[in-house]
Amino acid sequence: MSNREDFLKSVRDSLVKRTKTEYPEVPKFQNPAIDLKATFIKNANLAAVDTFDVSSVEEAQEIMKQRLPNVKITCSSTDEWVGTKDISKISHPRDLDDVDLGIVRAEFGIAEMGMVWVTEKSLKVNAIGFLSQHIAILLDPDEITENMHTAYSKKGLFDANYGCFVMGPSATADIGAVLVRGAQGARSLTLFFLKK
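Residues numbered from 1 in each chain as written. Predicted model: local features only at pLDDT ≥ 70, side-chain atom pairs only at ≥ 80, totals over all residues. Heavy atoms only, no water.

Where do I start with the overall build of the protein in this structure?
Of the regular secondary structure elements, the protein holds 6 helices and 12 strands. Computed over its C-alpha atoms, the radius of gyration of the protein comes to 22 Å, more than 25% above the 16 Å expected for a compact globule of 196 residues. Within the protein, buried positions represent 39% of all 196 residues. Long-range contacts, defined as pairs at least 24 residues apart, comprise 72% of the intrachain contacts of the protein with a sequence gap of at least 6. Here the protein displays about 12100 Å² of accessible surface, and carbon together with sulfur accounts for 53% of that area. Computed over 24 positive and 27 negative side-chain charges, the inter-centroid distance for the protein is 4 Å. (Helix = DSSP H or I, 4+ residues; strand = E, 2+ residues; numbered from the N terminus. Rg over C-alpha atoms; globule rule 2.2 N^0.38 Å. Buried < 20%, exposed > 50% of the residue type's maximum accessible area, 1.4 Å probe, protein only. Contact = heavy atoms within 4.5 Å. Areas by Shrake-Rupley, 256 points an atom, 1.4 Å probe, with all protein chains shown as cover. Lys, Arg positive; Asp, Glu negative; His and termini not counted. Charge placed at Lys NZ, Arg CZ, Asp CG, Glu CD.)

In this structure, what is going on with the pattern of salt bridges? I would like to understand it.
Oppositely charged side chains can pair when the atoms bearing their charge come close. The tally for this structure, following the rule as stated, stands at 9 salt bridges. The partner of R67 in a salt bridge is D50, and the shortest N-O contact between them spans 2.5 Å. With R67 in helix 3 (residues 57–67) and D50 in strand 1 (residues 49–53), the pair connects residues that are 17 residues apart, well separated along the chain. (Salt bridge = Lys/Arg side-chain N within 4 Å of Asp/Glu carboxyl O.)

Would you take a moment to explain the environment of G109 for this structure?
Here G109 is to be found in strand 5 (residues 108–110). Between the alpha carbons of G109 and V166 there is a distance of 9.3 Å; along the sequence they are 57 residues apart. Ignoring any residue separated from it by four or fewer positions in sequence, one finds G109 in contact with F40, M115, V116, L139, E143, I144 and T145.

What exactly am I supposed to notice about the sheet that holds strand 9 (residues 163–166) here?
Two pairing modes exist for strands in a sheet, parallel and antiparallel, and in both the strands are linked by backbone hydrogen bonds. Taken together, 4 strands build an open sheet; the order of strands is 8-5-6-9 and the sheet is mixed. Since the sheet does not close on itself, it has two edges, and those belong to strand 8 (144–145) and strand 9, each with one partner. Bridging between strand 5 and strand 6 (residues 115–119) involves 3 bridges; their strand directions are antiparallel. The residue of strand 6 that forms the bridge with I110 is M115. (Pairing = 2+ DSSP bridges.)

I would appreciate a short explanation of the sheet that holds strand 1 in the present structure.
Ordered by their spatial adjacency, 6 strands build an open sheet running 1-12-7-4-2-3, and the pairing between neighbours is parallel. In this open sheet, the two strands that pair with only one neighbour each are strand 1 and strand 3 (85–86). Sheet analysis places strand 2 (residues 74–76) next to strand 3, joined by 2 bridges and oriented parallel. Residue pairing in the sheet places S76 in a bridge with D86 of strand 3. On the sheet, helix 3 packs against strand 1, strand 4 (101–105) and strand 12 (188–193) and is oriented at approximately 155° with respect to strand 12. (Axes fitted to C-alpha atoms, helices over the stretch in contact; angles between N-to-C directions.)

Even after reading the chapter, I still don't get unusual backbone geometry, so can you show me in this structure?
Across residues other than glycine, the phi torsion is negative in most instances, and most of the peptide bonds are trans. With a phi close to 50°, F29 is a non-glycine residue in the positive phi region. Topologically, F29 is positioned in the loop between helix 1 (3–17) and helix 2 (36–46).

Would you mind going over the nonpolar core with me for this structure?
Soluble globular proteins tend to pack their nonpolar side chains together in the buried interior. F40, L96, V116, L139 and L191 are the most contacted members of the largest nonpolar core, which totals 26 residues. Apart from residues lying up to four places away in sequence, V116 is in contact with F40, A106, F108, G109, I137, L139, C164, F165, V166 and L191. Of all hydrophobic cores here, the second largest spans 13 residues; its members include I63, L68, W81 and L138. (Core = buried A, V, L, I, M, F, W, Y, C linked by side-chain atoms within 4.5 Å.)

Help me understand the side chain of T39 in this model?
When you line up the elements, T39 lands in helix 2. If sequence neighbours within four positions are ignored, T39 has contacts with I34 and A111.

What should I look at first to understand the environment of S122 in this one?
Structurally, S122 is set in helix 4 (residues 120–123). Since its relative accessible area comes to 8%, S122 is described here as buried. Sequence separation of S122 and L96 is 26 residues, and the distance between their C-alpha atoms is 16 Å. If sequence neighbours within four positions are ignored, S122 has contacts with S77, V104, R105 and E107.

Right, dumping it as C-alpha cells:
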C-alpha cells in the first residue's frame, strides 16, 4: 500500500470507532422580564426611526401624508398599501430611482437593536430599500424577537437568497464630523406597528 492508501485506511478505521459528540448549546441570553416592544421603540428612536402604533394602513398613510406632503411617487412591496408605482411592473432595479416613498412589511424586528429583517420575499425588488428617498415599514408587534441570538434561531431565517437587517435611515458623519442623512440610502425611516 502507498502512503496515501495507508492514510485513508487509518481515517476510515478511525471513523468507525468514533463516538458521537453533541454540539455545544449556544445560550440565547434572553431576559424574560423585558418588554420587547418598548425596548424596540427605544433603540429604534436612537437610530432616528420614528415609530407609530396604527390600527389600519389608512391611518399610516395619513401620517405619511402629514410628514411628507410633497411625496409624489410611492411604491409598495406589500399588498396592504397600494403605491402609485406598481412594483410588479419593475423590470430593472434602477426603475425605482424616482421613488419618493418605499413601503415594506418587515418579516420581524429585533428589540436589542431596534432593527428589522427584510428579504427578497418582503422587498420583492431589493433596490426599493435603498433607492427610495424615504421608507415606511410595517411591523407586526408580535413579530419582535429579543436579540441577535434569538433572531438567528428564528425558523426560516436562512431560507432566503437575500436578506438584510435594516436599522434607521442612511447616515454618515465621517466627513467634517457633520451628520448627513440619506448619504447612501433613505433619508428617513418611519415604522408603523400594525398587525398582519
